Amino acid sequence: MSIKQPDAYRFLAPFYEKLAFLVFGTELKNAHQDVITEAKEELKQARTIVWLGGGTGLCINEVLRQAPQAKLLYIEASKAMISRAQTQIHARYTMRVEWINEKHSWLYEPKQVQRWLKEPIDTILTFFFLDVLPQEECLKLMCWAKQQHIKAWLFADFVPQKIWYKKAFIRFMYLCFMLTTKIQQKKLLDHRTLFLNSAWNEQVKSRKLRAKGLVVSSLFKS
């Protein structure tokens, strides 16, 4: 039996949304909503959705509303974050969510490999999650999703910056997370390039910038 690591987000979870609102206002929530709206048809057709690193479950009810036929696998390494998400979900949706307190690598375990043969995933969501993964982990996940024939990937995250004070803000943000959550990734990757190099097609019209260009949302399709 594997021993779970301490929950790195247990102290941050109760304040996460308040801190995010203090810094970004409603822009992070708007970024979620932008791509959910853009992927309305994909969600409507979805049967099995995987949400990686869902955190506190921001917009979880909207995802389930837009995907009335789907089961949602909510994969989150932090038990404290899952607890917060569970308080947000409407009672009518609870039976459609499977809460999985694991890292994203849970997807690759032999037992799950057999599961995906019987229960194929058609949609994946990563909202402000890929920014904590090293490049090799991002590429592995993107290639795995491609091999699984996942049709749609709803993505929202921070964008690498060129202006010095915006670059400084991103560095400061990473420093804060390194100190509070012990994340391994120390800099922001160009996720769009990683997607394209992994043969994912960005739906160009879906691309929306928020928070003065610090945040982007986009729909990628296989």
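Whatever comes next refers back to the structure up there.
Quick caveat: nothing in here was measured; it's all calculated off a predicted structure.

Calculation rules
- Within each chain, residue numbers correspond to sequence positions counted from 1 in written order.
- Local features in this predicted model are restricted to residues whose pLDDT is 70 or higher, and side-chain atom pairs enter the listing and the counts only when it is 80 or higher, whereas totals over whole chains, interfaces and linings include all residues.
- Side-chain measures here rest on the full set of heavy atoms in the structure, leaving out hydrogens and waters.
- Classification of ring pairs uses Phe, Tyr and Trp, with its six-membered ring standing for Trp, and accepts pairs whose centres are within 6.5 Å; under 30 degrees between planes counts as stacked, over 60 as edge-to-face, and the remaining range as tilted.
- Runs of E in the DSSP output that reach at least two residues are strands. Runs of H or I that reach at least four are helices, and both are numbered from the N terminus.
- Only protein chains enter the area calculation, which uses a 1.4 Å probe; residues under 20% of their type maximum are buried, those over 50% are exposed, and those in between are partly exposed.
- A side-chain nitrogen of Lys or Arg and a carboxyl oxygen of Asp or Glu constitute a salt bridge if their distance falls within 4 Å.
- Residue contacts follow a heavy-atom distance rule, with two residues in contact if any of their heavy atoms lie within 4.5 Å.
- Lining residues are defined by having an atom within 4 Å of a point belonging to a cavity or pocket. Those points lie on a 1 Å grid over the protein atoms alone, cavities being sets where a 1.4 Å probe fits but cannot get out and pockets being open sets with protein on both sides within 12 Å along at least five of seven lines.
- Grid points are joined across faces, edges and corners, and a volume is the space filled by probe spheres set on the points.
- Asp, Glu, Lys and Arg are counted as charged, while Ala, Val, Leu, Ile, Met, Phe, Trp, Tyr, Cys and Pro are counted as nonpolar; the rest, among them Gly, fall into the polar class.
- Pairing between two strands is assigned when DSSP locates at least 2 bridges connecting them.
- With the strands aimed away from the viewer, a crossover counts as right-handed if its path from the first strand over the helix to the second runs clockwise.

> Which parts of the structure should I look at to understand the packing of aromatic side chains?
Each aromatic ring pair is specified by the distance between its two centres and by the angle formed by the two planes. On inspection of all chains with the given rule, the structure shows 14 aromatic pairs. Ring centres of Phe 24 and Phe 169 lie 5.9 Å apart, and the angle between their planes is 80°; on these two criteria the pair is classed as edge-to-face. Of the two residues, Phe 24 sits in helix H1 (residues 16-24) while Phe 169 sits in helix H8 (residues 164-181), which places them 145 residues apart along the sequence. Since its relative accessible area comes to 27%, Phe 169 is described here as partly exposed. Here the aromatic rings of Trp 153 and Phe 195 are separated by 4.8 Å at their centres, their planes lie at 90°, and the arrangement is edge-to-face. Note that Trp 153 is positioned in strand E5 (residues 152-158) and Phe 195 in helix H9 (residues 191-197), a separation of 42 residues in sequence.

> What's the story with the pattern of salt bridges in this structure? I'm lost.
Two side chains bearing opposite charge may form a pair once their charged atoms approach each other closely. For the coordinates displayed, the defined rule picks out ten salt bridges. A salt bridge links Lys 221 to Glu 42; its shortest N-O distance comes to 3.0 Å. Placement of the pair is Lys 221 in strand E8 (residues 215-221) and Glu 42 in helix H3 (residues 40-45), with a sequence separation of 179 residues. Take Lys 221: its relative accessible area is 28%, and that puts it in the partly exposed class. Taking the shortest distance from any N to any O, the salt bridge between Lys 71 and Glu 98 comes out at 3.1 Å. Placement of the pair is Lys 71 in strand E2 (residues 71-75) and Glu 98 in strand E3 (residues 97-100), with a sequence separation of 27 residues.

> In this structure, what is going on with the side chain of His 104? I would like to understand it.
As for its placement among the helices and strands, His 104 is situated in the loop between E3 and helix H6 (110-118). If near-sequence neighbours (up to four positions away) are discounted, His 104 is found in contact with Leu 52, Phe 129, Leu 133 and Glu 137.

> So what exactly am I meant to see when it comes to the layout of surface pockets here?
If a probe as big as a water molecule is rolled over the atoms, it shows which places are left empty. Here the second largest pocket is characterised by a volume of approximately 180 Å³. Forming the boundary of the second largest pocket are Pro 160, Gln 161, Lys 167, Ile 170, Arg 171, Tyr 174, Lys 186, Lys 187 and Leu 188. Within the lining of the second largest pocket, the residues separate by chemical class into four nonpolar, one polar and four charged.

> Help me understand the pairing of E2, please; the structure alone is not making it clear to me.
When a strand is regular, its side chains alternate between the sheet's two faces. Most of E2 sits out of view: four of its five residues are buried. Where strand E1 (residues 48-52) lies against E2, five bridges are found, and the strand directions are parallel. When the sheet's bridge partners are listed, Leu 52 is paired in E2 with Ile 75. Taken together, E1, helix H4 (residues 60-66) and E2 constitute a β-α-β crossover, and its handedness is right-handed. With four bridges connecting them, E2 and E3 associate as parallel partners. The residue bridging Leu 73 from the neighbouring strand is Glu 98, located in E3.

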